[in-house]
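As a plain string of letters, each chain reads:
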2 protein chains.
Amino acid sequence: MGYPAHGSAVKVAIFTQRRFDAAKMQKINLFETEQFFIDVYCLEPGQAQKAHAHAGSDKVYAVMEGSVIARVDGQEQELRAGEMVLAPAGSEHGIENRSGVRAAVLVFMAPRP
Amino acid sequence: MGYPAHGSAVKVAIFTQRRFDAAKMQKINLFETEQFFIDVYCLEPGQAQKAHAHAGSDKVYAVMEGSVIARVDGQEQELRAGEMVLAPAGSEHGIENRSGVRAAVLVFMAPRP
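All values derive from a computational prediction rather than experimental measurement. Residue numbers here run from 1 along each chain, matching the order of that chain's written sequence. Whichever chain is written first becomes A and whichever ligand is written first becomes 1, with later ones labelled in order. Local features in a predicted model are, by the rule used here, given only for residues with pLDDT of at least 70; side-chain atom pairs are given and counted only at 80 or more, and totals for whole chains, interfaces and linings are based on all residues. To get the side-chain values, take all heavy atoms of the structure and skip hydrogens and water.

Now for the relation of the copies chain A and chain B. Alignment of copies: least-squares fit on C-alpha atoms of residues with pLDDT of at least 70 in both copies. Rotating chain A by 180 degrees about the axis while translating it 0.0 Å along that axis superimposes it on chain B, leaving an RMSD of 0.0 Å. These values place the two chain copies in the arrangement generated by a two-fold rotation axis. Considering only C-alpha atoms, the residue of chain A closest to the rotation axis is Ala110 of chain A, which sits at 3.3 Å. In what follows, residue pairs with any heavy atoms lying within 4.5 Å of each other are defined as contacts. Most of the interface of chain A is mirrored in chain B, where 100% of its interface residues again form contacts.

This part covers the side chain of Asp39 of chain B. All names here are of chain B. What counts as a helix is a DSSP run of H or I of at least four residues, what counts as a strand is a run of E of at least two, and both are numbered from the N terminus. One can find Asp39 in strand E3 (residues 37-43). With no salt bridge to any partner, buried Asp39 finds its closest opposite charge in Lys27, at an N-O distance of 5.7 Å. Any pair of N or O atoms that falls within 3.5 Å is considered a polar contact. Within protein, one atom must be able to donate a hydrogen and the other to accept it, and sequence-neighbouring residues count only if both atoms are side-chain atoms. A polar contact of 2.7 Å, which involves the side chain of Asp39, links it to the side chain of Asn29. Apart from residues no more than four positions distant in its own chain, Asp39 is found in contact with Lys27, Ile28, Asn29, Leu30, Val105, Leu106 and Val107. Relative accessibility under 20% of the residue-type maximum defines a buried residue, over 50% an exposed one, and the middle range a partly exposed one, all with a 1.4 Å probe and only protein chains included. A residue counts as positive if it is Lys or Arg and as negative if it is Asp or Glu; His and the chain ends are not included. In the sections that follow, a salt bridge refers to a side-chain nitrogen of Lys or Arg positioned within 4 Å of a carboxyl oxygen of Asp or Glu.

On to the sheet that holds strand E10 (residues 103-110) of chain A, then. Here, strands pair whenever DSSP counts at least two bridges between them. With antiparallel pairing, six strands are arranged side by side in an open sheet as E2(A)-E3(A)-E10(A)-E5(A)-E8(A)-E1(B). Looking at strand neighbours, the two that pair on one side only are strand E2 (26-32) of chain A together with strand E1 (12-14) of chain B, the edges of this open sheet. Between one strand axis and the next, the sheet turns by 25 degrees as a mean value, whatever way the strands run. Pairing of strand E3 (residues 37-43) of chain A with E10 of chain A involves seven bridges; the strand directions are antiparallel. When the sheet's bridge partners are listed, Asp39 of chain A is paired in E10 of chain A with Val107 of chain A. Note on geometry: axes are C-alpha line fits, over the in-contact stretch for helices, and angles between N-to-C directions span 0 to 180 degrees.

Attention now goes to the pattern of salt bridges. All names here are of chain A. Scanning all chains against the criterion turns up 16 salt bridges over all chains. Measuring nitrogen to oxygen at the nearest pair gives 3.0 Å for the salt bridge that ties Arg102 to Glu44. With Arg102 in the loop between strand E9 (93-96) and E10 and Glu44 in the loop between E3 and strand E4 (48-52), the pair connects residues that are 58 residues apart, well separated along the chain. Its relative accessible area of 42% is what places Arg102 among the partly exposed residues.

Another aspect to go through is the nonpolar core. Core analysis: the biggest nonpolar cluster contains 34 residues, and Met84 and Leu106 of chain A together with Met84 and Leu106 of chain B have the highest contact counts within it. Sequence-distant contacts of Leu106 of chain B, defined by excluding residues within four places in its chain, comprise Met84 and Leu106 of chain A together with Phe15, Leu30, Ile38, Asp39, Val40, Val60, Tyr61, Ala62 and Met64 of chain B. Among buried residues, the Ala, Val, Leu, Ile, Met, Phe, Trp, Tyr and Cys ones that are joined through side-chain atoms within 4.5 Å form a nonpolar core.

Another point: the interface of chain A and chain B. Each partner contributes residues to the interface: chain A has 37 residues there, and chain B has 38 residues. Between chain A and chain B lies a buried interface of about 3100 Å² when both sides are counted; carbon and sulfur atoms form 71% of it. Here chain A and chain B share zero salt bridges between them. In this assembly, chain A and chain B are joined by 10 residue pairs in polar contact (both at pLDDT 80 or more). Broken down by class, the residue content of the side of chain A that touches chain B amounts to 23 nonpolar, nine polar and five charged. Bridge count between strand E1 (residues 12-14) of chain A and strand E8 (residues 83-87) of chain B: three bridges; the pairing is antiparallel. Throughout, buried area stands for the accessible area (probe radius 1.4 Å) lost by two parts on being put together, summed over both. Gly falls in the polar group here, along with every residue not listed as nonpolar (Ala, Val, Leu, Ile, Met, Phe, Trp, Tyr, Cys, Pro) or charged (Asp, Glu, Lys, Arg).

What follows covers the sheet that holds E3 of chain B. Strand order in the open sheet formed by six strands is E1(A)-E8(B)-E5(B)-E10(B)-E3(B)-E2(B), and the pairing between neighbours is antiparallel. Each edge of the open sheet is held by one strand with a lone partner, namely E1 of chain A together with strand E2 (26-32) of chain B. On average, each strand axis in the sheet is tilted by 25 degrees relative to the strand beside it, whichever way the strands run.

Let us now look at the packing of aromatic side chains. Each aromatic ring pair is summarised here by two numbers: the centre-to-centre distance and the angle between the ring planes. Ring geometry is summarised as follows: Phe, Tyr and Trp rings, the Trp one being its six-membered ring, pair when their centres sit within 6.5 Å, and such pairs are stacked at plane angles under 30 degrees, edge-to-face over 60 and tilted between the two. One pass over the full model with this rule turns up five aromatic pairs over all chains. Ring centres of Phe108 of chain A and Phe36 of chain B lie 4.9 Å apart, and the angle between their planes is 75 degrees; this geometry places the pair in the edge-to-face category. Residue Phe108 of chain A is found in strand E10, and its partner Phe36 of chain B is found in the loop between E2 and E3; the two belong to separate chains. With respect to class, Phe108 of chain A is no different from Phe36 of chain B; both count as buried.

Now for the layout of surface pockets. Put plainly, a pocket is an open set of points on a 1 Å grid over the protein atoms alone with protein on both sides within 12 Å along at least five of seven lines, a cavity is a set where a 1.4 Å probe fits but cannot get out, and a lining residue has an atom within 4 Å of a point. Grid points are joined across faces, edges and corners, and a volume is the space filled by probe spheres set on the points. As a volume, the largest pocket reaches approximately 150 Å³. The wall of the largest pocket is formed by Phe15, Thr16, Arg18, Met64 and Leu106 of chain A together with Phe15, Thr16, Arg18, Ala62, Met64 and Leu106 of chain B. Its residues assigned to classes, the lining of the largest pocket shows seven nonpolar, two polar and two charged.

Structure, rendered in structure tokens:
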């Protein structure tokens, strides 16, 4: 998924792809290596990724479309398209779409859990 | 650089920022941690990042604006806005803007070199 046929062994993914579901936030994996993963998270209004933590991995949420509230160690930060936030290893973090429109977020995490 | 004052300790960066220079490709660092770095590369027409390799780090080039030719282990791949390519650890890789317009590329690399 995310690797269109380009007639070569070079791995290409489309980060503008979206998949929304009224039931829950959707995750689309773009790349996963030994070192990291890159996903697109698609959030309908009201959907969220619940706050959680990873002992050894840093994560970045980069908002491509819409806006979300990011929570990092109890602090809330509104992020609009074009903004990214760092959730350092060990921090409790999550995002929520409290807006009235869909949100799409590029998520980068290393090392992968 | 890249960390606007938001009145909190949460680290936010703007990935839509650009800085072009006729002399050479510009790199703007957004985040750097123990695990990875995220930069924006800004390429005027004709500018390039010469092919090089990192023994243990995977890299992703994600084209946000314009288009570039990515080279991975001798294979060339045109990337337009919305497309990203994986340069696995050990591969020789680079990008070049052969188009007539500016290009901006989000670059993830883990672990940082």
